[in-house]
Amino acid sequence: MSLNMEDSIAFESSQDEAEMMSYLEEENLADDLWTQQEQMKDDEYTFGDTTEKNQFEDAADEINDSFDSESNRSSEQYTDQDEMIKGTRHVDKVRAFRLRKKLDQLDSFQQEKELMIQKVREQLKACWERIKSLEQQKSSVEMDIQNEQKSYNMAAVFRLRALHKRLSTELLNEEDVKTKIADILKDNEYDLWHIEVEQGKFTSLRERLQQDEDELDRQRQDLAEQRALREKMSLSLTERKKHTEKEQEVKQLKEREEHYRKAVEEAQKNHEKAVTFLKETMARVREMEAEKERKSREDMEKRMQAVLSLRNNISTNRENLRVIESRNKAQATMTKRQQMLEKEAVLAKGGDVAKFMIHKKRLQEYERRKIEFEESQKLRKQEIVTRILQEESSQIKQKRQASLEMSKIQEHGRLRDKALQYIKSTIVTEPEEDQELMNKWRSPSPLSSDEDDRSLAERSPEVSPALTQEFEGESENLAQPEFRGLWNEDLKPYQIPKDDIDNKPLGGSKMEKEIMTETLRRLRNGIIEKQVVSGHEFKGCPFYSKPKKIHFKDLDVGKTYKKKIILTNASYTINFCKLVGVSDHMEDFITIQFDPPGQMSAGMSCEMIVIFKPMINEDLDGEVMMLAQTGPFSVPVKCTTKKSELDIDKKWINFGTHVIGETLTQYITLTNRGALGTMFSVKQITQDNDAQKTPPVSSEDMIPSTSPDDIFQDADVNLSPEFTDQSSEIPKSAQADGRTSSQREDAKSTNVNTNATIDRVSEEPPVVDEDEHLQEKLLENITDIRLGEGTDGDIGPFSFVKIPVVFTPTFPGKSTTLFEITFENQSCKAIPITATGSAIDVPVYVPNTNIDLKICMYDRLYQDSIVVKNRATTALRLKFEVCKELRNHMELLPKTGFIQAQSSFSVQLKFLPRHSLSQDASAYFDKETGVMEAPLTISVVDQARPVSFTVHAVVTTSDLEISPNEINFGHCTIYEAVQASIQLSNKSILPHEFGFMGIPEYVDIQPNDGFGTILPLESIKLDIIFKAPKAGEYNFDLTCKSAINRQFKISCKAIGVHPPLELSHSLVQFPATALNDTSTATLYVVNSHTSCNEFTHPVPRIGKGEVAPVGPTSFQFQLPEDSPITISPSVGTVLPGKRCMIQVSFKPTLLDQEIREEAVRMLCRAIETKALLDKQAAPVVESEDLSKKERREFSSKKDKRKQLSSPKQVQKEKSMKSEEHAPMELPKIEDIKVDSDQYAAARVSIYGRFMGKFEKYIIPCFIASCDVSKRKSEESLNFSPHNTLYLELHCPAIAPPVIVSSENGRHLISFGEVAIGQRVVKRVTLQNISPDPVEPRFSILNSCGPFVLLNPVGIVDPGAKCLLIIAFTPEEDKTFFENLEVCTRQATLTLGIKGRGLAPSLSCSLEGGMLNMGYVLAKDSATSTFKLHNTSTVPVNYSIKLRSLSVTQYEEMQKLPTFITSQKSSAGFVGPQNYNGHSVFSVIPVEGIIQPEKTQDISVSFSPDHESVLYSDVLTVELFSKHIAHSIHLKGASKNHIMYVEGGDPIDVYTESLSIVPVNEEDSDEPVSSLLVTLQCAQTEHEMRPAVRELYIGCIRTLLSSTKKNVEFAWDNVQLLQQKGFTIEPVKAVVDAGQRKTVSITWIPPAGYDPSNPATTTTAKLTLKGDIIETCRVIFTTQVVSL
């Protein structure tokens, strides 16, 4: 372990050293970032960089040289000492850091090991405990095995042996775990010992490290002291430098003021001299302005004319552009036509059109470039000529200007001398100093320019703004004076004195100048650069402003305000800043004085002066925008005007209660916190003086001047805020109405409005008829509280005024007065004030004259304290008296007493009501209600009028009544509890706390265990629950105590029964079960009666009766009718010592009657809605009927007579109207079928609003001591009703969380009949009607079945719907059914899926599977139709496909034709296709659905584009795009002409060649075609059968234009053919359009024919005449065949 530790220390030494170096580098870097004002770090011992040292040295040279030498010597000593300390400290610090890290690591290892050892020991201890417990269990199990073996209970023995085996296995496992834990503990202890040994080795090193750390701390303290000394020295240097700079600034300021004073004096004198010239100049300026105005008017007229001309030009240009566009279009069309002609010409010549067009474009491009080059050359020549002319003219002008300047200089000198003489003559006497100043002022110094005039006005605070404006006006107007004296250009310029020149060179080194130049260039160009220092990028505001916000408060228009802003560089390194500007709306009022300081180090500051001169009295907000190297920033500016902010210290003055005649004064402090003063006035709010409800009227209509609040306060009426708002709004309307109407009318209207408002607010009538009485009451309030002196005046800015309010009560009562402070400033709102006070007239009084003792009970003591107060200034004697009737029940202590002046006295009241109170004090006590009113008096010496007060109390009883007083529980089994109810009544009007004390263990009282509080006159129900612990008789009493220790008893008795059977659970609480879901619980019926020995164990009996026999015992559960409970088995027999399992199921459903009623209600609502809609639509229908009747009036009279005379029609109309007005009959509840849509919709409606229900069922279980299965029918049962067991079921039903919202809520999803192989998809919508999100899970459907759930369903939010997509794809002809369970956390929804698979069948009207389209002219079309009939009971989805359009047709075409491969051509051969790319055959419709027992017509079109007799294709009818129902061969032929011949043998192959076969037309112009006819004559022994063939000659019917619509044909050389044995019939005929003729050819071998010869050939000519004449060469091949 030690070697490993040393290796780890050696290995990590380099890493620690690197970490230490990085740590020191971070310290140094952090030290460099601190400024001089902040604390320096440990590793910095120099107090500034080289520039700072130079600054300190310069300051020391200016103060004295001696101090400089001393500071240099001290700084050298400190520098050497710092370097030595730094070297030593660095090594020690690295070493200490490394050692401390390793020692801490070693300590952490030790702590971890100790913690690990502690945990392992705890685990080992736990393992020992488990082993002990297992051993104990094992020994106990062995003892149980021995006991059970003795009792021959083999089932228990086997179970205990299995348990013993399991315990042995666990014990072995625990032993293994213990061994492993012990090994781990041993290893950890060994590691801990090694660590302790290593720590012992490092003990001396630890002590040495502690000493080194102490030494480092001491060195750090020494360094801190040295640093403090250095800071003290630097502070003294800084203070001396500041003192010197301050003296220099004072000296410079004095010199500057003297200079400014002299300059002002010179300016005033020059102003006097220049007045004479100013007048002439101003006249000339006015003339120039008038001339400018005239010119501007002329220019404006010219501009208007130019605008008008421009508008005209625009209109003309538009027309020109239109003409140009049309011309360009015409030219374009001409060029296109020309190009087309040229192309046709080139093509006619056999040339290449593309090459010709390219050549032409290149020629045009060459010509265009040539023209442009010539124009550019011309322009270049013109420019050269103009430049030459300009240079010549400029040379001539320079020569002229040089000659003029020479003449001007001479003339200027003469004028200057004359001006000097004139000035000397005008000035009488001037001091020499003044003359020198005048000479300096008159010289062309820099102050003579406009900019210096402005700078003078800005720099000197003594110069007034008016004078500055005059100087600016002079500089502008005297630019070209008539007399050249003071502005002579030949004077010497002003020279700066040598004292003001700074000897220091401008700028710094060459590199600094370059940096400054580059930085200024970037700042000017607005370049923003990122500032990155030590890998950290600066982000944020680059400069901090002090203050952060420029705020000009309390502005005066016309005054000038200045603010000095200090900008501090807050970035990481050098930065720059420049002024961008201010906000646009503040440019006219704010001026910024800011000299860019150039480069600024981090922490450096610069100043900026903001001058604000407001010209408008408004608040302004804006910002001063600056730009730094790292980005823009801004300083916010806010300017606020003077305002008045008025407030009072209190709005409610309460004088309290005082004796009549006293005078009290309170003050209201009105404070103005704003900078704007205003006038104020305080007025009392009255009806005439604030509300102004009535203008001056006559005495008849006068209303007392008071406010509505005063009226209602006296009348004890509370006003709502609405009345206050309305009363404040009434004066304005009344004042406005007074301008247009008379005074009396306004007063009356005001009274009406006021009374109406009061009526709305209060229920009592506020209008008083007796005006005099009302006026007296109002005058009392007015005279009590008034205003003192100083109610009007002026309150200045930032001041306060105190307003006195005086209260002088004259009559007893409460006084309330309203005041209002109004201000002259309209922006200040009026302030309301309320003053209240009360007056009394008796010195001794009781504040509470009504002592309410609330509710008291008989024989209970009640006490209260009565306070008596004295208003007088002397002490008085009091005597307390109680009336004679109440002296036995009430007492005041003490009887007499003295009350001091202006103090109070307390009297103790004791009240103990007795039951004789109604007899003793019947005058003061009402026995029926229990109310007592006792008058008490206080007699005061030397006062005739006593002080009276009243004691109120309600006396009640404390009795509690219990009914019934006796309870008989009857027979009660030991497995159930019997409940009896009692009623506890409170006869008192006070609540009572009660509780039943000392109840037996087998008795329980609920609720709250028999404790509670009963309210006054309340009766509560208490349940007393008795549960017998064993069979026997019980008699006991229950005691109820109240909170005042009163007792009430109840006597109870019961008989305990022990039945022969017992239930494992007598209470079953089902979970919340959704409708149509099922919850199941399991319990057992146990027969534990195996012995009749009542001393060894309890035996079944009734009370103290006989013991039940041992043997099989039967039971039966009796279920209530129409209950959702199912018990299985409900009847059974249990042998002694055995048990029987019982399953109880709860399936809540809706009642059939409830669903039917809901369905009827829904139908009623639907009928009502329909009737309402019909009623709304009735006016529209009536208007339409009226319009129809008006139209009918114009019809003929006959029609009217017919309508009137037809009684049937009248009866029909009457019946229609009666049907409309007759109410629709609702279906009866019994008529609604279970499988109807109304029934399903009603069930879903109930689901949606089902709030849940809770039902409790108590099911009896009857017990008989016999075996039911072996009982004879005549044998009676040993049955007792007292042995009945009861099973209590709690059944909560809730609404299903998920319901089926589609299919009218049906749970059966029927796909109906579906064709085999067809896929039908149904969408089932589920809705979450629960308040919580639901995540449904689905059961797995049969993977080999036809039903598939296609989509997953996630979480369904409350009220949302989800969609289930279920597919049905039958593969067999049978019926399928499956259940899909939708499981949620609350319930399971079962959906039944049903469907039947059927094999589809489709018949075709074509026989033989062939459709021959016949002959059609080329480029013409023919259509044929056939029918498809659906013979199945399901809709059939068909699709028709052509083989020529299949994707595999291209591969078939690549194969060799059948005539090459010598294979037979298939029936599905696809013939040639059209040359234009369109299909030869087309079918309509291509696809569709044929309903059961329906027929679909299919149209086939034949549209060839060239002549061929080989057109063919295959049409296939596919069902459901899977299997082929029919395959139809399509054939057709096409001719270029209307005649055709068919019936011969094929000569050509079945495929059409793509090459063009040339036709030899040298002999004749008529087209010739060939036809082969093979004739075979059958020869038998007896006869020779002639050979017969038939040819068909037809005429094609077409709509194309043709001169001839029929065909004529004729055979040539018929006689020759007859000689050779041929017979043709007919030889000549005419064929109509669309018809064909059959030509019969018969051949019999002529005489002399040799049958042994091979086949002979004979050629015949057939001429066809139609739209053209065509010759057909018929080749007859004859042969005799022997049979």
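Reading the values: the criteria
Residues numbered from 1 in each chain as written. Predicted model: local features only at pLDDT ≥ 70, side-chain atom pairs only at ≥ 80, totals over all residues. Heavy atoms only, no water. Salt bridge = Lys/Arg side-chain N within 4 Å of Asp/Glu carboxyl O. Helix = DSSP H or I, 4+ residues; strand = E, 2+ residues; numbered from the N terminus. Buried < 20%, exposed > 50% of the residue type's maximum accessible area, 1.4 Å probe, protein only. Polar contact = N/O pair within 3.5 Å; in protein donor to acceptor, adjacent residues only side chain to side chain. Pairing = 2+ DSSP bridges. Axes fitted to C-alpha atoms, helices over the stretch in contact; angles between N-to-C directions. pLDDT = per-residue confidence, 0-100. Contact = heavy atoms within 4.5 Å.

## Topic: the pattern of salt bridges
Argument step 1. Scanning the entire structure with this criterion turns up 38 salt bridges.
Argument step 2. Among the salt bridges present, the one from Arg218 reaches Asp222, with a minimum N-O distance of 3.2 Å. Taken together, the residues span about one helical turn, with Arg218 and Asp222 both in helix α5 (residues 203-349) at a distance of four residues.
Argument step 3. Exposure remark for Arg218: the relative accessible area of 39% places this residue in the partly exposed category.
Argument step 4. Residue class for Asp222 comes out partly exposed when judged on its relative accessible area of 30%.
Argument step 5. Glu1507 serves as the salt-bridge partner of Lys1535, at 3.5 Å between the closest nitrogen and oxygen. Residue Lys1535 is found in strand β65 (residues 1523-1535), and its partner Glu1507 is found in the loop between β63 (1495-1502) and β64 (1508-1519); the two are separated by 28 residues along the sequence.

## A word on the side chain of Asn1087
Argument step 1. Following the sequence through the fold, Asn1087 ends up in the loop between β41 (1079-1086) and β42 (1101-1102).
Argument step 2. Overall, the relative accessible area of 0% leaves Asn1087 in the buried class.
Argument step 3. In terms of polar contacts, Asn1087 uses its side chain to reach the backbone amide nitrogen of His1089, at 3.3 Å.

## With respect to the sheet that holds strand β46 (residues 1139-1146)
Argument step 1. Pairing in this open sheet of four strands is antiparallel, and the strands run β38-β41-β46-β44 from one edge to the other. At either margin of the open sheet sits one strand with a lone partner, and together these are β38 (1062-1063) and β44 (1125-1128).
Argument step 2. In the sheet, β41 pairs with β46 via eight bridges, with the strands oriented antiparallel. Note that in β46 the partner of Leu1083 across the bridge is Ile1142.

## Looking at the sheet that holds strand β5 (residues 561-569)
Argument step 1. Sheet architecture is open: four strands sit in the order β3-β5-β8-β7, paired in antiparallel fashion. Where the open sheet ends on each side, the last strands, each with one partner, are β3 (543-546) and β7 (590-593). Going across the sheet, the axis of each strand differs from the next one's by a mean of 25°, ignoring polarity.
Argument step 2. Pairing of β7 with strand β8 (residues 605-612) involves four bridges; the strand directions are antiparallel. By the bridge assignment, Thr591 is partnered in β8 with Ile611.

## Things to note about the confidence of the model for the chain
Argument step 1. When pLDDT is averaged along the chain, the result is 76, and 75% of the positions lie at 70 or above.
Argument step 2. Predicted confidence in the chain is weakest over helix α12 (residues 721-738), with a mean pLDDT of 36, and strongest over strand β35 (residues 1019-1026), with 93.
Argument step 3. Below pLDDT 50 for its whole length, residues 687-781 participates in 97 contacts with residues either more than four positions away or in separate chains.

## Observations concerning the pairing of strand β18 (residues 813-823)
Argument step 1. Of all 11 residues that make up β18, eight are buried, and the element is covered over most of its length.
Argument step 2. As judged from the nine bridges shared by β18 and strand β19 (residues 831-840), these two strands associate in the antiparallel manner. Pairing of Lys814 across the sheet is with Ser838, part of β19.

## Here's the deal with the environment of Glu1157
Argument step 1. Tracing the sequence through the fold places Glu1157 in helix α16 (residues 1152-1193).
Argument step 2. Looking at Glu1157, the relative accessible area reads 32%, which means it is partly exposed.
Argument step 3. In sequence terms Glu1157 and Ile1229 are 72 residues apart; their C-alpha atoms lie 6.5 Å from each other.

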